[in-house]
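One-letter residues, chain by chain:
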Amino acid sequence: MENVTPNVRTHTGLRGCNPSYVTTADGVVVIDTPQLPTRAVAMREEAESHGAIRYVVNTEHHVDHIFGNYFFKGAGKIVHHQGVADNFMVVGPILDPFAYAAEAIPTDDPGGQEIFPDREVYERDPNRGQIVFTGDLTLEAGDHAFHLIHTPGHTPGQVAVHVPEERVVFTGDTVFSEVQTWLMSSDIDEWLVALDRIAGLDVDHVIPGHGPVTTTGYLATQKAVLLEWKAAVATAVARGWSREETIQHVNFAERYPVDIGQEYMMEYIQRHNAGALWDQLSAPFVRG
Ligand SMILES: [Zn+2]
């Protein structure tokens, strides 16, 4: 794993999110769990070599941030926002999160097949939140404070984890650093507010949900990506384009690669980003 500061480690080279942990004078705090089983087990072992795991924080409900919880049973308390609890592994209209986790195993973690649970076994105890909160929450471990800041937008239960002693913020998928942004289940207006709130923090390092570690300088780029998507689809709606015409013509595939291991999802992302925005932006103008 990559050392961001002497106490902060993250892994930006895995399929799934950037799972991370912070070591303190009194145990370890994990922020997001690896989606791939063998990686989850390995990270747990590595984290526990620095002390007992006190908390496991999930920054959002998407499968790549929570599936690995299953492999952290008994390792500290799982902490997440009510919005994560409400959406935890819920099958949506376009994605079955358990099936999506299973689909990654043959290609990305063949060694994980043996420990990948059956759906029924998994659903009995996926290791859901033991501390579930609304608004913001501060946790403490050793001399470190962990400010869990509710920053909805990408998802309703999104949090950023600010660790002032390390001058670090973990943003979850409020920031996609130099990789494609998934926004099909998002509220972009809330997301812009979330970026402004994070921009107000006095930190040196921004650890994104996906892509390389960056700085607050990148927040303006993330904002531009969201605004460009929104403006392009708003323009399509203004031209009277149908949903399908919009999907055909509005495409930001050239801008960034897809994060590691999900390269085959490029067209899925373009299609569903454009389609979801068209649904939102055309709604006020549909008569009948
Ligand atoms: Zn993610």
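An account of the accompanying structure is given in this report. (Residues numbered from 1 in each chain as written. Predicted model: local features only at pLDDT ≥ 70, side-chain atom pairs only at ≥ 80, totals over all residues. Heavy atoms only, no water.)

1. Description of the nonpolar core
Just so we agree on the cut-off: We define the nonpolar core as a collection of buried residues of types Ala, Val, Leu, Ile, Met, Phe, Trp, Tyr and Cys that are connected through side-chain atoms lying within 4.5 Å of one another. Burial here depends on accessible area, computed with a 1.4 Å probe over protein chains only, as a share of the maximum for the residue type. Under 20% is buried, over 50% is exposed, and the range in between is partly exposed. A contact between two residues is defined here by any heavy atoms of the two lying within 4.5 Å.
Within the largest apolar cluster, 64 residues are counted, with the highest numbers of intra-cluster contacts made by Val 30, Ile 53, Phe 67, Phe 72, Met 89, Trp 229 and Val 233. If we ignore the near neighbours within four places in the chain, the residues touching Phe 72 are Val 30, Thr 33, Pro 34, Ala 40, Met 43, Arg 44, Ile 53, Val 56 and Asn 127. Residues Val 29, Phe 146, Val 168 and Ile 207 belong to the second largest nonpolar core, which totals 19 residues.

2. Considerations on the coordination of the zinc ion
Basically, it comes down to this: Only N, O and S atoms count as donors, using a 2.8 Å limit from the metal and a wider 3.2 Å limit for Na, K and Ca, and since water is excluded some coordination spheres may look unfilled. Every geometry call rests on angle ranges, with four donors termed tetrahedral when all angles are between 85 and 135 degrees, four termed square planar and six termed octahedral when opposite donors are over 155 degrees apart and all others are between 65 and 115, and everything else termed irregular.
Protein ligation of the zinc ion involves Asp 64 (OD), His 65 (NE2), Asp 173 (OD) and His 210 (NE2), the donor distances falling in the range 2.1 to 2.2 Å. Given four donor atoms and angles of 83 to 165° at the metal, the environment of the zinc ion is assigned as irregular.

3. A look at the sheet that holds strand 9 (residues 144-150)
In plain terms, the rule: Pairing between strands requires that DSSP locate at least two bridges from one strand to the other. Think of it this way: any DSSP run of H or I at least four residues long counts as a helix, any run of E at least two long counts as a strand, and we number them from the N terminus. Axes here refer to lines fitted to C-alpha atoms; in helices the fit is confined to the stretch in contact. Angles between the N-to-C directions go from 0 to 180 degrees.
Pairing is mixed in the open sheet, where five strands are placed in the order 8-9-10-11-12. Two strands close off the open sheet at either side, each with one partner strand: strand 8 (137-141) and strand 12 (205-210). The sheet shows a mean angle of 25° between the axes of neighbouring strands, taken without regard to direction. Of the pairings in the sheet, the one linking strand 11 (residues 168-176) to strand 12 comprises five bridges and is parallel in character. In the strand pairing of strand 12, Gly 172 is matched with Pro 208.

4. Details of the layout of surface pockets
Put simply, the test is: Only protein atoms enter the calculation, which uses a 1 Å grid: trapped sets of points that fit a 1.4 Å probe without letting it out are cavities, open sets showing protein on both sides within 12 Å along at least five of seven lines are pockets, and any residue with an atom within 4 Å of a point is a lining residue. Grid points are joined across faces, edges and corners, and a volume is the space filled by probe spheres set on the points. Three classes are used: nonpolar for Ala, Val, Leu, Ile, Met, Phe, Trp, Tyr, Cys and Pro, charged for Asp, Glu, Lys and Arg, and polar for all others, with Gly counted as polar.
Of the volumes computed, that of the largest pocket is approximately 660 Å³. As for the largest pocket, its lining consists of 29 residues, and the residues nearest its centre are His 61, His 62, Ile 94, Leu 95 and Ser 185. For the lining of the largest pocket, the elements supplying multiple residues, two or more each, are helix 2 (63-66), helix 4 (97-103), strand 11 and helix 10 (266-282). Sorting elements by how many residues they give to the lining of the largest pocket places helix 10 first, with four residues. By residue class, the composition of the lining of the largest pocket is 16 nonpolar, nine polar and four charged.

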